[in-house]
Amino acid sequence: MRSSSRLGIFAALSGTLAAAALAFAPGAAAVSPGSATATYDCGSWGGGGATLTATQSGTAATITLTSAVKTPIAVGADQIGATLTMARAGGGTRTFTGKKNPPLAANQSVTIGPLSGTVASGDSLNSYFAGTALKMVIFGVTVNCDALTSQSPGPFVFS
């Protein structure tokens, strides 16, 4: 009888601890919308529409960008260094940086990211118009891109 009593107490304590762990677990952070489009002009490299996809985990956030800009030559994985600057509602900017890209064949649309940055709860980030919004360095050549439109359906709002 003693062992069944101990098992019952152990089961009750385990259930209580599990419930407490769930109650105190941090909530999952979310960014809304998860995806947006904007138009960029990259000078002689071209331009056009780009899709930006954002994710968030606490204060860490990432943005992956797939653009209409095409690479004239094949580029290996993780060969494009990039800095994406986003305008913060209320003033200031947030930057997302990294050297992440899939292998790209010649004449293929450029995908970069995930680019990493830090956000605060309530940050509302949109296309940056006060200078270079996206800077890419490919084989030592710098490509500067200016945002031509705000993001649609709207800015990224981080929780």
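Quantities reported herein were computed from a predicted structural model and do not represent experimental measurements. (Residues numbered from 1 in each chain as written. Predicted model: local features only at pLDDT ≥ 70, side-chain atom pairs only at ≥ 80, totals over all residues. Heavy atoms only, no water.)

If you tally the helices and strands in the protein, you get one helix and 11 strands. Here the analysis covers contacts within the protein between residues at least 6 apart in sequence; of these, 63% occur between residues at least 24 apart. About 8400 Å² of surface is accessible on the protein, with carbon and sulfur atoms providing 60% of the total. (Helix = DSSP H or I, 4+ residues; strand = E, 2+ residues; numbered from the N terminus. Contact = heavy atoms within 4.5 Å. Areas by Shrake-Rupley, 256 points an atom, 1.4 Å probe, with all protein chains shown as cover.)

Of note, the bond from Gly113 into Pro114 is cis; its omega dihedral lies within 30 degrees of zero at 15 degrees. Counting through the fold element by element, Pro114 comes out in strand S7 (residues 109-118). Cis geometry is adopted by the peptide bond preceding Pro153, which originates at Ser152 and carries an omega value of 20 degrees. Mapped onto the elements, Pro153 comes out in the loop between strand S10 (141-147) and strand S11 (156-158). Positive phi values are uncommon outside glycine, yet Asp78 reaches one of about 55 degrees. Of note, Asp78 is situated in the loop between strand S4 (60-70) and strand S5 (80-88).

Both faces of the sheet carry side chains from a regular strand, because those side chains alternate between them. The pairing of strand S2 (residues 35-41) with strand S3 (residues 47-57) spans seven bridges and is antiparallel. Looking at the pairing, Ala38 lines up with Ala50 of S3. Between S2 and S3, which pair antiparallel one after the other, the connecting turn spans five residues, and Gly43 there sits at a positive phi close to 65 degrees. Pairing between S3 and S4: eight bridges, direction antiparallel. Pairing of Gln56 across the sheet is with Ala61, part of S4. Connecting S3 to the next strand, S4, in antiparallel fashion are two residues, including Gly58 with a positive phi near 65 degrees. (Pairing = 2+ DSSP bridges.)

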